[in-house]
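# Structural overview for review
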Amino acid sequence: MKILSFFLAGALAALITAPQPPTAQAQSSPSAAPAQSGGLPDLRGDAEQLFALGNQARAQAGVARLVWDPDLAEAALEHCRKMAAEGPLSHRYGGELSLTARAAKAGAYFSLIEENIAIGPTPGAIHQSWMQSPEHRENLLNPQVNHVGIAIVPARGVLYAVADFSAAVIRLTPQQIEAQVASLLRSNGVAILPQTAVARAACASDDAWLPPSASQPAWMIRWQNSDLSHLPQPLVRQLKSGKYRGAAVGGCPAHLDNTAFTSYRVAVLLY
């Protein structure tokens with residue numbers, strides 16, 4: 001996670017990162033953004049302007065355009081309203097959830113998340129302030145992020161703005177996880193065995209090994225992250241040894257790690 005705030009007199013930066021994800025599909029226009037209600041005027045047009053300016057800057061930098069994410073927009077709007085009520089800018093106020101928790105609560109799936117916040121007279125001025133700040137420009141032009149949600153709320157004669165950028169992660173079922181990992185195993189010359197139930201039990205467990213059974217594997221690994229595009233190196237080394245002819249794959253819900261980053265959990269048993 002990377003969060004950045006912009007004060008008209010200065011900037012503040014903090015950085016936390018997570019693994020790079022696969023891309024995901026979502027809405028490509030801010031027209032589906034939640035209405036900025038609750039007694040405040042609807043400023044989706046200003047959010048759309050800031051969205052367009054950001055994509056123009058990315059195109060000029062040779063970076064892929066951002067996709068509008070309604071879940072991120074909901075999280076951004078919740079925090080933007082809080083900023084407008086509080087006055088001084090902050091990425092987190094007392095009693096408020098963290099950025100990752102806010103985005104996850106809104107329904108976003110991601111393995112990296114960034115946030116820019118600002119006060120300015122117009123969307124154009126806010127965009128220029130971010131582009132002139134190295135840290136905010138890095139967030140906006142980051143090639144690893146592909147989704148964004150933006151909210152703008154007026155207060156005290158200025159505009160409060162929040163832009164939440166993410167590297168989106170596709171929501172996968174355990175069966176889809178198993179199919180993806182099985183495909184990688186087949187490409188390494190290993191047949192997929194029908195011991196799926198045993199592998200799923202291993203996936204859900206935290207035990208060091210499985211209880212003795214007729215289908216006891218010779219080697220087992222379980223892991224959890226947001227990237228299923230490649231196999232873990234310890235597993236790759238075992239496959240290259242040539243000692244195994246078959247593998248069972250089991251997917252299961254990820255164990256909570258208190259980060260709110262999206263991740264998948266999988267176990268592979270080698271026979």
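Everything below is about the structure shown above.
Note that the coordinates shown come from a computational prediction; the quantities given were computed from them, not determined experimentally.

Each helix and strand counted, the protein has eight helices and ten strands in total. The proportion of buried residues among the 271 residues of the protein is 50%. Summing over all exposed atoms, the protein offers an accessible surface of approximately 12,500 Å²; the carbon and sulfur share of this is 55%.

Where helix 1 (residues 44-60) meets helix 4 (residues 123-132), the axes come as close as 9 Å, and the angle between the chain directions of the two elements is 35°. The element helix 1 and its partner helix 4 pack so that their crossing is right-handed. Judged by residue contacts, Asp-46, Gln-49, Leu-50, Leu-53, Gly-54 and Ala-57 of helix 1 engage Pro-123, Gly-124, Ile-126, His-127, Trp-130 and Met-131 from helix 4. Among the residues forming the contact of helix 1 with helix 4, the class breakdown is seven nonpolar, four polar and one charged.

At Arg-156, a position not held by glycine, the phi torsion is positive, near 60°. Arg-156 sits in the exposed class, given a relative accessible area of 53%.

It is worth spelling out the pattern of salt bridges at this point. Per the stated rule, a full pass over the model turns up five salt bridges. Among the salt bridges present, the one from Glu-96 reaches Arg-102, with a minimum N-O distance of 3.8 Å. Glu-96 sits in the buried class, given a relative accessible area of 10%. Residues Asp-206 and Arg-265 are paired through a salt bridge, measuring 3.1 Å at the closest nitrogen-oxygen approach.

For strand 5 (residues 147-155), a buried count of eight out of nine residues is recorded, marking the element as mostly surrounded by other parts of the structure. Alignment of strand 3 (residues 67-68) against strand 5, held across two bridges, turns out to be parallel. Looking at strand 5, one finds that Trp-68 is bridged to Val-148. Sheet topology places strand 5 next to strand 6 (residues 158-168); nine bridges connect them, and they run antiparallel. If you follow His-147 over to strand 6, its bridge partner there is Ser-166. The antiparallel hairpin formed by strand 5 and strand 6 contains two residues in its connecting segment, where Arg-156 sits at a positive phi of about 60°.

What follows is about the packing of helix 2 (residues 70-86) against helix 3 (residues 99-106). Remark: helix 2 packs on helix 3, axes separated minimally by 8 Å, with the N-to-C direction vectors making an angle of 130°. By the angle between their axes, helix 2 is oblique relative to helix 3. Helix 3 is crossed by helix 2, and the crossing has right-handed handedness. Across from Asp-71, Leu-72, Glu-74, Ala-75 and His-79 in helix 2, the residues of helix 3 making contact are Arg-102, Ala-103 and Ala-106. When the residues that make up the contact of helix 2 with helix 3 are grouped by side-chain class, the tally is four nonpolar, one polar and three charged.

Within helix 7 (residues 196-204), the full set of buried residues consists of Ala-199, Ala-202 and Cys-203. Burial along helix 7 is one-sided: seen end-on, the buried residues are contained in an arc of 105°. In this structure, the buried residues of helix 7 make contact with strand 8 (219-225), strand 9 (246-252) and strand 10 (264-270).

With mixed pairing, the four strands of this open sheet are ordered in space as 7-9-10-8. Strand pairing shows two members of the sheet lacking a second neighbour, strand 7 (191-192) and strand 8, which therefore form its edges. The sheet contacts of helix 6 (residues 174-187) involve strand 7, strand 8, strand 9 and strand 10, and relative to strand 9 the element is tilted by about 155°. Its contacts with the sheet put helix 7 on strand 8, strand 9 and strand 10, and the angle it makes with strand 9 is roughly 50°.

Attention now moves to helix 2. The end-to-end C-alpha distance of helix 2, which contains 17 residues, comes to 24 Å, matching closely the 24 Å that a straight helix rising 1.5 Å per residue would cover. All buried positions along helix 2 are accounted for by Leu-72, Ala-73, Ala-75, Ala-76, Leu-77, His-79, Cys-80, Met-83 and Ala-84. The inward-facing, buried residues of helix 2 abut strand 3, helix 3, strand 4 (110-120), strand 5 and strand 6. With a side-chain oxygen positioned 2.9 Å from the backbone nitrogen of Asp-71, the residue opening helix 2 is Asp-69. Just beyond helix 2, the residue with positive phi is Gly-87, at close to 100°.

Tallying each qualifying case throughout the model produces one cavity of 30 Å³ or more. The space that makes up the largest cavity amounts to roughly 60 Å³. What lines the largest cavity is Leu-50, Phe-51, Gly-54, Asn-55, Leu-66, His-127, Trp-130, Leu-140, Val-148, Ile-150, Ala-163 and Phe-165. Of all the elements in the fold, those that place two or more residues in the lining of the largest cavity are helix 1, helix 4, strand 5 and strand 6. Broken down by element, the lining of the largest cavity gets its largest block of residues, four residues, from helix 1.

Cut-off values and rules
- Residues numbered from 1 in each chain as written.
- Predicted model: local features only at pLDDT ≥ 70, side-chain atom pairs only at ≥ 80, totals over all residues.
- Heavy atoms only, no water.
- Helix = DSSP H or I, 4+ residues; strand = E, 2+ residues; numbered from the N terminus.
- Buried < 20%, exposed > 50% of the residue type's maximum accessible area, 1.4 Å probe, protein only.
- Areas by Shrake-Rupley, 256 points an atom, 1.4 Å probe, with all protein chains shown as cover.
- Axes fitted to C-alpha atoms, helices over the stretch in contact; angles between N-to-C directions.
- Left-handed = near helix turned anticlockwise from the far one by under 90°.
- Contact = heavy atoms within 4.5 Å.
- Nonpolar A, V, L, I, M, F, W, Y, C, P; charged D, E, K, R; others polar.
- Salt bridge = Lys/Arg side-chain N within 4 Å of Asp/Glu carboxyl O.
- Pairing = 2+ DSSP bridges.
- Parallel < 35°, antiparallel > 145°, perpendicular 65-115°, else oblique.
- Arc of directions from axis to C-beta.
- Expected span 1.5 Å × (residues − 1).
- Polar contact = N/O pair within 3.5 Å; in protein donor to acceptor, adjacent residues only side chain to side chain.
- 1 Å grid on protein atoms, 1.4 Å probe; cavity = no way out; pocket = protein on both sides within 12 Å on 5 of 7 lines; lining within 4 Å.
- Points joined across faces, edges and corners; volume = space filled by probe spheres on them.

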